[in-house]
Amino acid sequence: MNERSVFSWKRNFPTVPKFVCAVWNVWGIKKMRSIRTAVKFAFFAGAVFSATWLLGAGFQVQEQGASNLGTANAGAVANANGDATAAFWNPSAVSFADFKVGNTLVNAGINFVVPTLGLSNERGNFDCAVMSYVPNFYMAHKFTEDLAATVSVTAPYGLESSYDYDWYGRVQGLRSYLLTCDINPSLVYKITDWFSVSGGVSLQYLDCNLTQYMMGKIDLRGHSWGVGGNIGFTINYMEGGRFGFHWRSAVTQDLDGTFRMNGIPMSPISTSVDMPNTFNFGIYQRLQGDFSQFAVMLDYVYTTWSSFDKLEVPPFPPVEEDWKDTSRVAFGIHYYPEQIENLTLRFGVAYDESPVKSAEMRTVRIPCSDRIWFSGGVGYKWDIFSFDVAYSYIMCVGSSQINRTENGMTVSGHYYGHIHVVSLQAGIEF
């Protein structure tokens, strides 16, 4: 993995709206101005406020839309909620969302994350959790019945862990911080009444800070921009039934930054890291007959975490990671009560596999283990507005042992942890 230093907002930000709006320049001037304003605000929120803690396995951030979190993201790839969050999960599904030609859907939200995470051994308990929040923004516009475009501004990867300065394992790590902000415009084309495709480009910013203590406080800071892509398709195979697929490519980040010792700049550093490929498959089905008030959904995600084999920042020795590819499976249910029109109740569970292979390969920076999600949420549509609230409880399960030898010392014990996530989202069609 790799590092970079401080993000220069004034230098980089003015180029971003031009890049995003280039996809949209067939649009009218009035709407262009409103979209520019929305994208500027969303990019500012994503880049400045996305202090994220690792929430999915590895350092993947799964909190993408409160409407989806209510089912632990089951149904997200098929756009079970018919909203603009498809701009991240699978833009092609926008073709089957219920909004008018010439109109725009916008959804924005924030996730509040309250984790408990620490190491326990014969020396005591060592907490490293950091409370954080994750904002996101999604937009979709239908030019015609067949042509649409989307933009998402999200934080798809991130982590933050921080130990007390005097903890015994500080030679292996004190603070670990990674932030990403991903701007992803996509075009969507509906080929037939039942089949649509999409393709997009991701412009991804990464900021990283790693500290530890070895004969003084070592502080590595770095940042970079990377570019990736995404393609997807959606099949509307029957009334109330959709299947979606979405591939989000790896993004290579070539970081440059600074090595500091006790706050004093010592030398420039550079390295590179590959964010993984993700392959998402999902299905949404509204039931029929006596069960027509219900819908079921199932999602599967495959992530190529094996690309993260080592953390290498010359002149320091490489830190072996040797992660494996992982799977995530989620199942969800929607309930649409007849008594309250436009209300949706959501429930879901998920199993999220850890990429860490063994106790010897688990690190104090990313002490990841398998996770089980339990989620619930509610959504309500009122005229042109929509409102969604969700809660997830994420429980760490399986092996969480650590027996890591690094920088001349061994850290052993087991990690304990669970996470509470509260998500809020609002939307509008105009």
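So, here's what we can say about the structure.

Right, let's talk about the pairing of strand β16 (residues 326-335) for a bit. Across the two faces of β16 the burial differs, with Thr326, Arg328, Ala330, Gly332 and His334 buried and Ser327, Val329, Phe331, Ile333 and Tyr335 not buried at all. Pairing geometry for strand β13 (residues 294-303) and β16, over ten bridges, is antiparallel. Bridge assignment links Tyr302 to a residue of β16, and that residue is Ser327.

Looking now at the packing of aromatic side chains. Overall, the coordinates contain 23 aromatic pairs when judged by the stated rule. Note on Phe88 and Trp89: the rings are 5.1 Å apart at their centroids and 90° apart in plane angle, and the pair reads as edge-to-face. Relative accessible area serves as the criterion here: at 5%, Trp89 is assigned to the buried category. Taking the centre distance of 6.2 Å and the plane angle of 45° together, the rings of Phe233 and Phe243 count as tilted. Taken together, the positions of Phe233 in strand β8 (residues 217-238) and Phe243 in strand β9 (residues 241-248) put the pair ten residues apart, joining distant regions of the chain. Here Phe233 falls in the partly exposed class, since its relative accessible area comes to 25%. An aromatic cluster of three or more residues is present, and its members are Trp194, Phe195, Phe233, Phe243, Phe245, Phe281 and Tyr300. Above the plane of the ring of Tyr168 lies Arg123, whose end atom (NZ or CZ) is 4.0 Å from the centre.

What counts, and at which threshold
- Residues numbered from 1 in each chain as written.
- Predicted model: local features only at pLDDT ≥ 70, side-chain atom pairs only at ≥ 80, totals over all residues.
- Heavy atoms only, no water.
- Buried < 20%, exposed > 50% of the residue type's maximum accessible area, 1.4 Å probe, protein only.
- Helix = DSSP H or I, 4+ residues; strand = E, 2+ residues; numbered from the N terminus.
- Pairing = 2+ DSSP bridges.
- Phe/Tyr/Trp six-rings, centres within 6.5 Å; stacked < 30°, edge-to-face > 60°.
- Lys NZ or Arg CZ within 6 Å of the ring centre and 35° of its normal.

Limitation: the analysis is restricted to geometry and does not speak to function.
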